[in-house]
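# A closer look at the structure
Here are the chains, one letter per residue:
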Amino acid sequence: MSDNKPTFHHLNNSQSQRILWLLEEMGIEYDLVLHTRNPATHPTGPFQSPPSLLAVSPPLSTAPLLITGPKDGNRAIPESTAIATYLIRTFDTADRFGLRNGDWVRDEVITSMATTNLQRATGFMMMLDFGLIRNGEGPLGTIFDGPELRKQLGALERELVGGPKGGFFMGEYPGRADVILEFPMTMVRHRGYLDLGEEFPRLDEWLQRCYDREAYKRALEKGNGYDMGSFPKVPR
Ligand SMILES: N[C@@H](CCC(=O)N[C@@H](CS)C(=O)NCC(=O)O)C(=O)O
């Protein structure tokens, strides 16, 4: 490990929080570099990556960003799922996350549900509540203002209820899918897109279970703030 210690670039109030959680769940050594979003008053890039992060790995320069250790070539890996997969394939020698001999197909499906349809739905909700887009005309015009999100959450809740016992999508412990799903679900909770406890109680309990993990709490302490509700909301 000493010759392959990764460096993790983290941005406050962002999806890189889930990778910080994963690093803590895995209990591996890593160096942490904290970056703070530009202020709301920034003339060209409010809330965007600050110069410190722009300098690390242009042109994307988003977080999360992992720089592998020397053994793996000090390679810059952007993208949450790629980072999670790299970390698990490289450091989970006991296959606790099941990506080798566990139900990795289930993990892949739920990870994909989180990063494609669900994050698209929460992304639309975010653009609506930032006042960047407006609903369209007719029945299709409001499909992303609630119905699509509910459809995706319904599908996920069915997966959770019908999946392995233990409280997490992958069973007794959070798997890669649970870690990746944490961010869009936190968006729903922090920005109040709907009342999770009321409409999707099993997902609400699952999210609380994630928040209650000691590793999750350590990740919050090591990070520099995680409040996805802190961005402005334009009433509509
Ligand atoms: N697809 C990437 C998204 C990365 C991303 O867009 N991160 C946002 C934070 S949630 C960011 O760095 N925003 C700052 C910027 O775009 O300048 C992933 O899954 O990791």
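Before reading further, recall that the structure is shown in the block above.
Residues numbered from 1 in each chain as written. Predicted model: local features only at pLDDT ≥ 70, side-chain atom pairs only at ≥ 80, totals over all residues. Heavy atoms only, no water.

### A word on the overall build of the chain
Inclusion rule: Helix and strand assignments follow DSSP, with helices taken as H or I runs no shorter than four residues and strands as E runs no shorter than two, numbered in order from the N terminus. The buried label applies to any residue whose accessible area, calculated with a 1.4 Å probe on protein chains only, is under 20% of its type's maximum; exposed applies above 50%, and partly exposed to all values in between. Whether two residues touch is decided by their heavy atoms; if any such pair falls within 4.5 Å, the residues are in contact. Under this rule, positive means Lys or Arg and negative means Asp or Glu; His and the chain ends count for nothing. For this purpose, a charge sits on NZ of Lys, CZ of Arg, CG of Asp or CD of Glu.
Each helix and strand in the chain was counted, giving 9 helices and 4 strands. Sequence-ordered secondary structure for the chain, helices as α and strands as β, is β-α-β-α-β-β-α-α-α-α-α-α-α. For the chain, the C-alpha atoms occupy an extent of roughly 60 × 50 × 25 Å along the three principal directions. Across the 236 residues in the chain, those meeting the buried criterion constitute 47%. For the chain, long-range pairs separated by at least 24 residues make up 67% of all intrachain contacts whose partners lie at least 6 apart in sequence. Where the 26 positive side-chain charges of the chain centre and where its 30 negative ones centre are 2 Å apart.

### Some words on the pattern of salt bridges
The line we're drawing: By definition, a salt bridge exists where a carboxyl oxygen of Asp or Glu is found within 4 Å of a side-chain nitrogen of Lys or Arg.
Enumeration over the complete set of coordinates arrives at 16 salt bridges. One salt bridge in this structure joins arginine 150 and glutamate 199, with 2.8 Å as the shortest N-O distance. Taken together, the positions of arginine 150 in helix α5 (residues 147-162) and glutamate 199 in helix α7 (residues 196-199) put the pair 49 residues apart, joining distant regions of the chain. Since its relative accessible area comes to 36%, arginine 150 is described here as partly exposed. The network of salt bridges with common partners includes Glu24, Arg218 and Lys222.

### Concerning the site of the ligand
How we decide: By convention in these notes, a residue is near a molecule or strand provided one of its non-hydrogen atoms lies within 4 Å of it. A 3.5 Å cut-off defines polar contacts: any pair of N or O atoms within that distance qualifies, except that in protein one atom must be a possible hydrogen donor and the other a possible acceptor, and neighbouring residues in sequence count only when both atoms are side-chain atoms. The Shrake-Rupley method, run with a 1.4 Å probe sphere, supplies the accessible areas, and residue values consider only the shown protein chains as cover. A cavity here means a set of 1 Å grid points, computed over protein atoms only, where a 1.4 Å probe fits but cannot escape. A pocket is an open set with protein on both sides within 12 Å along at least 5 of 7 lines, and lining residues have an atom within 4 Å of a point. Think of it this way: a molecule belongs to a cavity or pocket when more than half its atoms come within 2 Å of the grid points there. When residues are sorted by character, Ala, Val, Leu, Ile, Met, Phe, Trp, Tyr, Cys and Pro go into the nonpolar class, Asp, Glu, Lys and Arg into the charged class, and all the rest, Gly among them, into the polar class.
By nearness alone, every residue bordering the ligand is listed as Leu11, Ser14, Gln15, Arg18, Arg37, Gln48, Ser49, Thr62, Ala63, Pro64, Glu79 and Ser80. One of the backbone nitrogen or oxygen atoms of serine 49 is found 2.8 Å away from an oxygen atom of the ligand. Within the side chain of serine 80, one N or O atom sits 2.9 Å away from an oxygen atom of the ligand. For the ligand, whose accessible area on its own is 510 Å², the fraction buried by protein is 76%. Taken atom by atom, the bulk of the ligand overlaps the largest pocket. The class makeup of the residues in the shell around the ligand is 3 nonpolar, 6 polar and 3 charged.

### Some remarks on a nonpolar patch on the surface
Filter applied, for reference: Put simply, a patch holds well-exposed residues, over 30% relative accessible area, that have no salt bridge, with like charges counted together within 9 Å and Val, Leu, Ile, Met, Phe, Trp or Tyr side chains within 5 Å.
There is a patch of nonpolar side chains on the surface, built from Trp104, Val105 and Val109 and spanning about 270 Å² of accessible area. Looking at the secondary structure, you find valine 105 in helix α4 (residues 104-129). Classification of valine 105 by relative accessible area gives partly exposed; the value is 46%.

### Some words on the environment of threonine 68
In this fold, threonine 68 is placed in the loop between β3 (65-67) and β4 (76-78). For the pair threonine 68 and proline 6, spaced 62 residues apart in sequence, the C-alpha separation works out to 4.4 Å. With near-sequence residues (within four places) excluded, threonine 68 lies in contact with Lys5, Pro6, Gly73, Asn74, Arg75, Ile77 and Tyr86. A polar side-chain atom of threonine 68 sits 3.1 Å from the main-chain carbonyl oxygen of aspartate 72. A polar side-chain atom of threonine 68 sits 2.8 Å from the main-chain amide nitrogen of arginine 75.

### Digging into the side chain of glutamate 148
Within the fold, glutamate 148 resides in helix α5. Classification of glutamate 148 by relative accessible area gives buried; the value is 8%. Leave out the neighbours within four places in its chain, and glutamate 148 touches Asn117, Arg120, Ala121 and Ile143.

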